[in-house]
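Fold and contact review
Each chain, written out:
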Amino acid sequence: MAKQRLSSSGFFTKPTTSIILVLLICMFSAIYYTLYIHKQSQPIDYPRFHDLFLAAATNSTLASYLRDLTRQPHLAGTSRALRTANYVKSHFSNLGLETEVAEYSVLLSYPKHASLEVRFGNGTARVFKLVEPGYDDGVVVVPYHAYSPSGSVVAGAVYVNFGREEDYKALEAMGVSVKGCVVVVRRDGLSRGGAAEIAAGRGAAAVLMYTEEGREEGVERGTVMVGGLGDPLTPGWAAVEGGERLGVEDDEVLKRFPKIPSLPISARVAVEILGLLGGPEVPKEWMGRLTFRGSGVGPGPVMLNLTYLGEKKVASIQNVFAIIRGSEEPDRYILLGNHRDAWTYGAVDPNSGTAALLDIARRYALLMQLGWRPRRTIILCSWDAEEFGMIGSTEWVEQNLLRLRSNGVAYLNVDCAVQGSGFSAAATPQLDDVLIEVTKKVHSPYSDGLTVFEQWSPASGITKVQRLTGAYSDFAPFLQHVGIPSADIFYGQVAPVYHTAYDSYEWMMSSGDPMFQRHVAGIY
């Protein structure tokens with residue numbers, strides 16, 4: 001069979017981070033027999049290669065990768081994002097690994113101007129600062145919602161709790177209408193785009209969203225695109241250079257964007273706004289963790305003046321791959337993926353996972369120098385533009401759909417590898433047993449005497465493998481478009497710096513994983 005080569009024009013053409021790292025490695029060897037030497041006359045010394053792989057991990061190496069990846073913000077489609085892509089590409093190629101880049105031209109969204117002020121009945125006004133303190137120098141992108149329409153609104157504000165249909169019904173029961181108002185949403189459960197869509201359907205003029213998690217000054221950036229994954233101009237097919245694409249004003253494209261403008265705000269700004277509202281009393285169960293000085297849901301007596309101006313433009317994104325050819329089943333693919341782009345510095349989301357991916361590549365290269373080859377082909381995937389709606393991974397899957405359906409074995413995803421304490425895993429049922437067996441073999445980063453499994457499972461021994469649902473990371477196109485067995489693993493729940501300017505190397509060193517123990521104890 002002729003050698004196959006990964007290319008940007010198709011999938012193939014013929015001619016705890018350490019703990020996360022360790023777990024992922026064990027999954028490969030335990031399930032798919034990847035630590036395998038082809039055509040050996042002597043019995044394979046599996047324990048030797050397994051032990052060598054695990055012993056090659058160092059906390060300092062992972063820390064250095066994360067430091068390099070987070071020196072600057074790297075929002076998809078920007079020059080800094082391209083530099084980060086080249087860093088990953090150079091890392092793979094310098095290790096002697098087969099390295100490829102798949103580039104796509106996709107529709108992304110960026111802010112040009114955003115402002116918010118409150119107007120009082122006496123004619124005075126107060127301007128709210130939308131950027132985190134200390135980050136107003138233009139280096140970090142201002143807080144915004146990608147794909148929000150531009151608009152300017154002067155209207156009363158109404159607090160709508162989580163922004164669900166039942167919350168609007170509760171307001172109706174109080175005699176409160178949101179028509180023509182700016183609604184304030186407490187983020188929890190609903191997607192940003194879903195909250196904006198419901199608000200528009202209820203007649204609201206604009207949306208402000210805040211989260212109670214983390215620092216009060218932090219502002220959670222994100223996308224509000226709805227109706228599917230991937231580039232909105234090429235639904236169902238890959239956004240290759242020179243390929244067919246829809247127009248920005250096409251009805252099918254416009255369906256992907258909310259009808260009203262929205263902005264993210266900090267919890268501190270939200271408290272100030274909500275404390276100024278009159279109207280019926282805020283239900284006790286709507287209070288959350290914040291303390292409002294006032295007690296009304298609105299609207300009035302103050303008015304909000306919200307302006308957002310954004311631009312949507314076609315930009316280039318780059319997926320970077322390292323390919324390790326299988327010696328026995330080269331046309332069967334095991335994929336490890338992590339996205340590389342970040343709203344800001346991305347120490348947690350996503351580069352705690354990227355650091356693990358880079359170190360896995362280094363250790364595989366070390367084994368290959370000693371004669372090791374996997375039984376099946378391993379593809380290490382560094383995705384771009386995930387934050388805009390899993391765009392990089394979706395475009396590649398669309399381009400290689402038939403090949404993946406017939407030859408894909410499994411996809412293992414790590415996004416925010418290290419967000420805090422506590423191991424979590426979600427998977428399709430086919431991978432449950434693998435996850436359980438692997439966690440029994442990996443030492444916990446919290447205790448010398450326990451395994452990850454022993455700390456993950458309750459005393460009854462029943463594990464907490466969650467079902468992999470939704471579309472919140474790059475497993476989505478593999479699972480939902482292709483049907484490949486998939487898993488997503490991480491430490492901690494939502495980080496307090498999630499999508500904010502504070503998601504930095506300094507936070508990881510001070511709070512997230514100071515000794516990089518969780519980074520080293522990974523599952524790759």
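Residues numbered from 1 in each chain as written. Predicted model: local features only at pLDDT ≥ 70, side-chain atom pairs only at ≥ 80, totals over all residues. Heavy atoms only, no water.

By the naming in an unreviewed UniProt entry, the chain goes by glutamate carboxypeptidase II and is assigned to Kalanchoe fedtschenkoi. Under Subcellular location (unreviewed entry), UniProt gives the following word-for-word description of the chain: "Endomembrane system". Quoted verbatim from the Catalytic activity (unreviewed entry) heading of the UniProt record, the comment on the chain is "Release of an unsubstituted, C-terminal glutamyl residue, typically from Ac-Asp-Glu or folylpoly-gamma-glutamates." (UniProt positions renumbered as here; feature names shortened; annotations may be inferred.)

Quick notes on the overall build of the chain
Assigned secondary structure in the chain consists of 16 helices and 18 strands. Going through the 524 residues of the chain one by one, you find that 60% of them count as buried. If you sum the accessible surface of the chain, you get close to 19900 Å²; carbon and sulfur atoms cover 51% of it. (Helix = DSSP H or I, 4+ residues; strand = E, 2+ residues; numbered from the N terminus. Buried < 20%, exposed > 50% of the residue type's maximum accessible area, 1.4 Å probe, protein only. Areas by Shrake-Rupley, 256 points an atom, 1.4 Å probe, with all protein chains shown as cover.)

Comments concerning the pattern of salt bridges
With the rule as written, the count across this model stands at 26 salt bridges. For the salt bridge of Lys255 with Glu252, the shortest nitrogen-to-oxygen distance reads 3.1 Å. Of the residues examined, Lys255 reaches a relative accessible area of 51% and is grouped as exposed. Note that Arg467 and Asp432 form a salt bridge whose closest N and O atoms lie 2.6 Å from each other. Residue Arg467 is found in strand S16 (residues 466-467), and its partner Asp432 is found in helix H12 (residues 432-439); the two are separated by 35 residues along the sequence. A relative accessible area of 16% means that Asp432 is categorised as buried. Overlapping salt bridges bring together Arg215, Glu216, Glu217 and Arg268 as one network. (Salt bridge = Lys/Arg side-chain N within 4 Å of Asp/Glu carboxyl O.)

Observations regarding the environment of Gly278
By secondary structure assignment, the location of Gly278 is in the loop between helix H8 (267-274) and strand S11 (303-324). In the structure, Gly278 is positioned 20 residues away from Gly298 in sequence and 4.9 Å away in space, judged by C-alpha atoms. Aside from chain neighbours lying at most four places away, what touches Gly278 is Gly296, Val297, Gly298, Gly300 and Pro301. (Contact = heavy atoms within 4.5 Å.)

Let's talk about the layout of surface pockets
Approximately 300 Å³ is the volume attributed to the second largest pocket. Within the residue set of the lining of the second largest pocket, elements represented by two or more residues are helix H4 (79-94) and strand S3 (98-119). Top contributing element to the lining of the second largest pocket by residue count: S3, with five residues. Considering only residue class, the lining of the second largest pocket consists of 10 nonpolar, five polar and two charged. A domain split of the lining of the second largest pocket shows at least three residues from each of domain 1 (47-107 + 314-523) and domain 2 (110-310). (1 Å grid on protein atoms, 1.4 Å probe; cavity = no way out; pocket = protein on both sides within 12 Å on 5 of 7 lines; lining within 4 Å. Points joined across faces, edges and corners; volume = space filled by probe spheres on them. Nonpolar A, V, L, I, M, F, W, Y, C, P; charged D, E, K, R; others polar. Domains from an automatic or database assignment.)

Thoughts on the packing of aromatic side chains
By convention here, two paired aromatic rings are described through the distance between centres and the angle between planes. Applying the stated criterion across every chain yields a total of 15 aromatic pairs. Just above the ring of Phe257 sits the side chain of Lys312; from NZ or CZ to the centre is 4.9 Å. Of note, Lys440 hangs over the ring of Phe453, and the distance from its end group to the ring centre comes to 5.1 Å. (Phe/Tyr/Trp six-rings, centres within 6.5 Å; stacked < 30°, edge-to-face > 60°. Lys NZ or Arg CZ within 6 Å of the ring centre and 35° of its normal.)

Some words on the packing of helix H3 (residues 59-69) against H4
Relative to each other, H3 and H4 sit at 150°, their axes nearing to 10 Å. In this structure, H3 contributes Tyr65, Asp68 and Leu69 to the contact, and H4 contributes Thr84, Tyr87, Val88 and His91. Counted by class, the contact of H3 with H4 contains four nonpolar, two polar and one charged residues. (Axes fitted to C-alpha atoms, helices over the stretch in contact; angles between N-to-C directions.)

Points about helix H5 (residues 165-174)
By the burial criterion, the buried members of H5 are Asp167, Tyr168 and Leu171. All buried residues of H5 fall inside an arc of 100° around its axis, so they share one side. Facing away from the buried surface of H5 by more than 90 degrees, the exposed residues are Lys169 and Ala173. On its buried face, H5 is in contact with strand S6 (151-159), strand S7 (182-186) and helix H6 (192-201). Downstream of H5 by one or two residues, Gly175 has phi in the positive range, about 85°. (Arc of directions from axis to C-beta.)

Notes on the side chain of Asp474
Along the polypeptide, Asp474 turns up in the loop between S16 and helix H14 (475-482). Buried and without a salt bridge, Asp474 has Arg340 as its closest oppositely charged side chain, separated by 9.4 Å. Within polar-contact distance, the side chain of Asp474 engages the side chain of Ser393 at 2.6 Å. Asp474 has contacts with His339, Trp383, Glu386, Met390, Ser393, Tyr411 and Asn413, leaving out every residue within four places of it along the chain. (Lys, Arg positive; Asp, Glu negative; His and termini not counted. Polar contact = N/O pair within 3.5 Å; in protein donor to acceptor, adjacent residues only side chain to side chain.)

Regarding the pairing of strand S14 (residues 408-413)
By the criterion of burial, S14 is predominantly enclosed, with six of the six residues buried. By the bridge criterion, three bridges tie S14 to strand S17 (residues 486-491) in an arrangement that is parallel. Pairing of Tyr411 across the sheet is with Ser486, part of S17. (Pairing = 2+ DSSP bridges.)

Examining the nonpolar core
By size, the foremost hydrophobic cluster in this structure holds 92 residues, and its most contacted members are Leu108, Leu208, Ile273 and Phe388. Among the elements that line this core, the one with the most residues is S3, at eight residues. Here this core gathers at least three residues from each of two domains, domain 1 (47-107 + 314-523) and domain 2 (110-310). Setting aside chain neighbours within four positions, we find Phe388 in contact with Leu75, Ala76, Leu108, Ser109, Tyr110, Tyr144, Ala146, Tyr147, Thr223, Met225 and Trp343. Of all hydrophobic cores here, the second largest spans 55 residues; its members include Leu336, Val348, Ala361 and Val465. (Core = buried A, V, L, I, M, F, W, Y, C linked by side-chain atoms within 4.5 Å.)

Here's the deal with the pairing of S3
Here S3 pairs with S11 via 21 bridges, running antiparallel. Considered in S11, the bridge of Glu103 is made with Gln318. The sheet contact formed by S3 and strand S4 (residues 125-127) spans three bridges and is antiparallel. Each residue of the ladder has a partner; that of Glu117, found in S4, is Val127. Linking two consecutive strands that pair antiparallel, namely S3 and S4, is a turn of five residues; a positive phi of about 95° is found at Gly123 within it.

A short note on H4
With 16 residues, H4 ought to run about 22 Å at 1.5 Å a step, and its terminal C-alpha atoms sit 22 Å apart, in line with that. For H4, the full list of buried residues reads Ala81, Thr84, Ala85, Val88, His91 and Phe92. The buried residues of H4 all sit within an arc of 120° when viewed along its axis, so they share a single face. Set apart from the buried face of H4 by more than 90 degrees, the exposed residues are Ser79 and Asn94. Considering only its buried residues, H4 is in contact with H3, S3, S11, helix H9 (351-369) and strand S13 (376-383). (Expected span 1.5 Å × (residues − 1).)

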